Amino acid sequence: MSTQPLAAGRRRLPLVPTAALLLGAVYCLLPVLWVLVASTKSGGELFSTFTFLPGSGFADNLADLTEYRDGVYWRWMANSAFYAGVGALLSTAVSAVSGYALAVYRFRGKETVFNILLAGVLMPPVILAVPQYLLLAEADMTDSYLSVLLPLILSPYGVYLARIYASAAVPADVIEAGRMDGGGEWRIFRTIALPMMLPGLVTVFLFQFVAVWNNFLLPYIMLGDDEKFPVTLGLYTLLQQGATTPALYTLVITGALLAIIPLIVLFLVIQRFWSLDLLSGAVKS
């Protein structure tokens, strides 16, 4: 019996997942390509030329966006960087400590706490947004930077990832050896466990940064002063005004393109350190 048909079938089999991945990539990247092309068009070109035909107005769009309300767009970008950067750092720190404690220590109610965290992972953010607003309103903290930052510090998904990674990356024998050498619990966590958990924490930071950068609902509920808006909410207000002032559509599209760039740069930078951390962890193991 010839094995040639079987070999040919095995060679053709990877074409199916490859085609599916290519279709997924096109589905995800096509809107980005549209934003990239549309940002180069002037207001007249945007509605009168072929969709994927580049225009000649990118420089003018960028200048108009910068001049709009004395550069409020760049204030929105700075606010987003602040919310995402500080929020992701604090959330990663809380996730690291919480995940390590759930992975290493034994205490009553540990599994109950973990199950509650899993329930938090499955709960849509929209369910929590209104109660969070009411709580912060009682504390007279709405319409402030803290009203956006505080709800972001605890991430159930981040704690879940940190716990899973700590269970796999921090051997119990290493912790016991540190205790036998006279190290305190905080010192063991800071000098032994934290470096081992670093690749997982980089992932938590990346996920949380992207989630906060793209967050719209929480700032929409909490903030009233547009000087404190993140870029997502700021672009939404521009889009709403575009219904009566179509010239603002080009500003929205150009602003959306610029808002993507920090995420791409962050991913490329973190991916480099991510690879180095994974290699370092493998060597240490």
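Quick look at the structure, then. (Residues numbered from 1 in each chain as written. Predicted model: local features only at pLDDT ≥ 70, side-chain atom pairs only at ≥ 80, totals over all residues. Heavy atoms only, no water.)

1. A closer look at the packing of aromatic side chains
Rule in force here: Side-chain rings of Phe, Tyr and Trp (the six-membered ring for Trp) are treated as a pair once their centres are within 6.5 Å; stacked means planes under 30 degrees apart, edge-to-face means over 60, and tilted covers the remaining angles. Secondary structure counts use DSSP, requiring at least four H or I residues in a row for a helix and at least two E residues in a row for a strand, with both numbered from the N terminus. Residue exposure (1.4 Å probe, protein chains only): buried if accessible area is under 20% of the type maximum, exposed if over 50%, otherwise partly exposed.
Taken as a whole and judged by the stated rule, the model has 16 aromatic pairs. With 5.6 Å between their ring centres and 40 degrees between their planes, W186 and F189 make a pair best called tilted. Note that W186 and F189 are positioned in helix α11 (residues 185-213) at a spacing of 3 residues, about one turn of the helix. Judged by its relative accessible area of 56%, W186 falls in the exposed class. Under the relative-accessibility criterion, F189 is labelled buried at 7%. The interplanar angle of 90 degrees and the centroid separation of 6.0 Å between the aromatic rings of Y220 and Y236 together place this pair among those described as edge-to-face.

2. A word on a nonpolar patch on the surface
Here is the rule: Distance thresholds for patches are 9 Å for like charges and 5 Å for nonpolar side chains (Val, Leu, Ile, Met, Phe, Trp, Tyr), applied to residues having over 30% relative accessible area and no salt bridge. Only the protein chains shown count as cover for residues, and the accessible areas themselves come from Shrake-Rupley with a 1.4 Å probe. Between Lys or Arg on one side and Asp or Glu on the other, a salt bridge is scored when a side-chain nitrogen of the former is within 4 Å of a carboxyl oxygen of the latter.
On the surface, V26, L30, L33, W34, L36, F50, F52 and L53 cluster together into a nonpolar patch covering about 740 Å² of accessible area. When you line up the elements, L30 lands in helix α2 (residues 15-38).

3. Structural notes on the pattern of salt bridges
Within the structure shown, the criterion is met by 7 salt bridges. D226 is the salt-bridge partner of R69, the closest N and O atoms lying 2.6 Å from each other. In this pair, R69 is assigned in the loop between α4 (58-67) and α5 (72-104) and D226 in the loop between α12 (217-222) and α13 (231-241), connecting sequence segments 157 residues apart. Note on R69: relative accessible area 40%, which makes it partly exposed. The class for D226 is partly exposed, based on a relative accessible area of 21%. Between E227 and R75 there is a salt bridge, and its shortest N-O distance comes to 3.4 Å. Here R75 lies in helix α5 and E227 lies in the loop between α12 and α13, a separation of 152 residues in the sequence. Since its relative accessible area comes to 37%, R75 is described here as partly exposed.

4. Brief notes about the packing of helix α9 (residues 156-169) against α11
What counts is decided by this rule: Each axis is a line fitted through C-alpha atoms, taken for helices only over the stretch in contact, and angles between the N-to-C directions span 0 to 180 degrees. Any angle from 65 to 115 degrees is called roughly perpendicular, while one under 35 is roughly parallel, one over 145 is roughly antiparallel, and all others are oblique. Less than a right angle of anticlockwise turn of the near helix away from the far helix marks a crossing as left-handed, whereas a clockwise turn marks it as right-handed. Contacts were defined at the residue level, with two residues in contact if any of their heavy atoms lie within 4.5 Å. Throughout, the ten residues Ala, Val, Leu, Ile, Met, Phe, Trp, Tyr, Cys and Pro are labelled nonpolar, Asp, Glu, Lys and Arg are labelled charged, and all others, Gly among them, are labelled polar.
Contact pair α9 / α11: the axes reach a minimum separation of 9 Å and the direction vectors enclose 165 degrees. Judged on the interaxial angle alone, α11 and α9 are roughly antiparallel. The chirality of how α9 crosses α11 is right-handed. When α9 is examined against α11, the residues Y157, G158, L161, A162, Y165, A166 and A169 are found in contact with a partner set consisting of M196, M197, P199, G200, L201, V204 and F207. Tallied by class, residues from the contact of α9 with α11 come to 12 nonpolar, 2 polar and no charged.

5. Quick notes on the side chain of T40
Note the threshold: Nitrogen and oxygen atoms within 3.5 Å of one another constitute a polar contact, given that in protein one can donate a hydrogen and the other can accept it, and given that sequence-neighbouring residues count only through two side-chain atoms.
Counting through the fold element by element, T40 comes out in the loop between α2 and α3 (43-48). At a separation of 2.5 Å, a polar atom in the side chain of T40 contacts the main-chain carbonyl oxygen of V37.

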